[in-house]
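So the chains spell out like this:
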Amino acid sequence: MLKKYSTPLFIVLLLFFFLMDLSFGTIRIPFGKVLEILSGSDEVKNTWTYIVLNYRLPKAIAAVLTGMALSVSGLMMQTLFRNPMAEAYVLGISSGASLAIAISILGGAMLPSVVLEYTTSSYGLVVVSIIGSLLLLLLVLAVSNKVKNSMTILIVGLMFGSFANAIVSILSYLSNAEQLKRYSLWMLGSLGNLSWEMLTVYSVAVVVGLFSCLFLFRTLDAFLLGDTYASSLGINVKKSRNYIVLVTSLLAGASTAFVGPIAFIGLAIPHIARLLLQTSRHRELFIASVFLGGIVLLICDILSQLKGEAFLLPINALTALFGAPIVIYLLLRKRV
């Protein structure tokens, strides 16, 4: 029954929690007023209109985009590596971005003041993070073209990530308290720091990544049974593998660049989708992961501001606190 009506149900839940996210905060804005603001009505308080359009709406859109991007990238990684613990970040994408940000924030003494002025701005951090993700992606792609086994790429990605984390640890040890605090805040993730211009760029990256996934359903279904089986179906394994890695890196890299590293979503949402729908077909799992990722991150964003907008809880911590018990419950209930 759930499988039959899952898409309409997911759409309704996504819209409901999206409106809740716009409504909740230090100032409680009724649902009806939120709808009036979104429709362009001039009869609502100016303060409410400003709060919704300039703060809550970009944050809610960022939550939906991030949830969709990370959940789909996690789904593809788990299939490619046939590993239930895989997600996009195992390729080192997050570590590459973190290293670039760490060099920018923590390694300020190594950079000229003119360069530092640009790299530590909001736009600068996004650009630096994208560069870090891309450089690590190029290394992973170079390795993937040299090996035949997908598990080798997974191990290499983990090693790249460990290497990057080691450099970050050294930079952290040599940094002062102010630099460490700023870097720690970035690591906690934030959905509320995007301007409309940045959100537009982020939206384009996510839409392109999700659209690219539409051509991968047959390939991903074949990869479930191994590279040999996929090859027997006429699929170019190496080319498809590079394509999957590239799309995953676009989705996860854009997410990390614009909102910071967000834990749990990429790992757990695909499992929740499989357990709820009881299917391994990627066409259905893709749709479920897209909506569930957005829904869960919206819920986490709502919970993060229950104490008011002046005291936001870190979204990165809430995703794990909220999501891990759900996965454990579903796994125990299904006994898988």
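Placed above this text is the structure.
Here the structure is a predicted model, which is why all the values come from computation and not from measurement. (Residues numbered from 1 in each chain as written. Predicted model: local features only at pLDDT ≥ 70, side-chain atom pairs only at ≥ 80, totals over all residues. Heavy atoms only, no water.)

What's the story with the overall build of the protein chain in this structure? I'm lost.
From N to C terminus, the protein chain includes 15 helices and zero strands. For the protein chain, the residues scored as buried account for 52% of the 336 residues in total. For the protein chain, restricting intrachain contacts to residue pairs at least 6 apart in sequence, the fraction spanning at least 24 positions comes to 77%. Looking at the protein chain as shown, the accessible area adds up to about 16000 Å², and 69% of this sits on carbon and sulfur atoms. (Helix = DSSP H or I, 4+ residues; strand = E, 2+ residues; numbered from the N terminus. Buried < 20%, exposed > 50% of the residue type's maximum accessible area, 1.4 Å probe, protein only. Contact = heavy atoms within 4.5 Å. Areas by Shrake-Rupley, 256 points an atom, 1.4 Å probe, with all protein chains shown as cover.)

Help me out: how do you make sense of the side chain of S255 in this one?
Among the secondary structure elements, S255 is positioned in helix α12 (residues 237–259). Setting aside chain neighbours within four positions, we find S255 in contact with T66, L70, Y89, Y202 and G260.

Help me understand the pattern of salt bridges in this model?
Pairing between side chains becomes possible if they bear opposite charge and their charged atoms approach one another. Tallied over the full model, the rule gives three salt bridges. A salt bridge links K59 to D301; the nearest nitrogen and oxygen atoms lie 2.9 Å apart. Of the two residues, K59 is situated in helix α3 (residues 46–81) and D301 in helix α14 (residues 282–304); the sequence distance between them amounts to 242 residues. Each of the two residues, K59 as well as D301, counts as buried. Put simply, R281 and E284 hold a salt bridge, and the shortest N to O gap is 3.2 Å. (Salt bridge = Lys/Arg side-chain N within 4 Å of Asp/Glu carboxyl O.)

It is not clear to me how the packing of helix α13 (residues 265–277) against α14 should be interpreted in this structure. Could you clarify?
Angle between the axes and distance between the axes are the two parameters that describe a pair of packed helices. It is the contact of α13 with α14, at a shortest axis distance of 9 Å, that shows an interaxial angle of 125 degrees. Of the possible angle classes, the one that applies to α13 and α14 is oblique. The hand of the α13/α14 crossing is right-handed. Taking contact as the criterion, the partners of I265, I269, P270, I272, A273, R274, L276 and L277 in α13 are, on α14, E284, L285, A288, S289, L292, G293, V296 and L297. Here the contact of α13 with α14 is composed, by residue class, of 12 nonpolar, two polar and two charged. (Axes fitted to C-alpha atoms, helices over the stretch in contact; angles between N-to-C directions. Parallel < 35°, antiparallel > 145°, perpendicular 65-115°, else oblique. Left-handed = near helix turned anticlockwise from the far one by under 90°. Nonpolar A, V, L, I, M, F, W, Y, C, P; charged D, E, K, R; others polar.)

Whenever I open this one, unusual backbone geometry confuses me. Can you help?
One non-glycine residue with positive phi stands out, namely F264, at about 80 degrees. Checked against the element boundaries, F264 lands in the loop between α12 and α13. For Q278, which is not glycine, the phi dihedral falls at a positive 55 degrees. Following the sequence through the fold, Q278 ends up in the loop between α13 and α14.

Help me understand the nonpolar core, please; the structure alone is not making it clear to me.
One recurring pattern in soluble globular proteins is that nonpolar side chains are buried together. Among the nonpolar cores identified, the biggest contains 89 residues, and M76, Y202 and L251 are the most heavily contacted of them. With 18 residues, the top contributor of residues to this core is α3. For Y202, the contacting residues outside a window of four places in its chain are A62, L65, T66, L194, A254, S255, F258 and V259. Counting 14 residues, the second largest nonpolar core, distinct from the first, contains L99, I101, I105 and A164. (Core = buried A, V, L, I, M, F, W, Y, C linked by side-chain atoms within 4.5 Å.)

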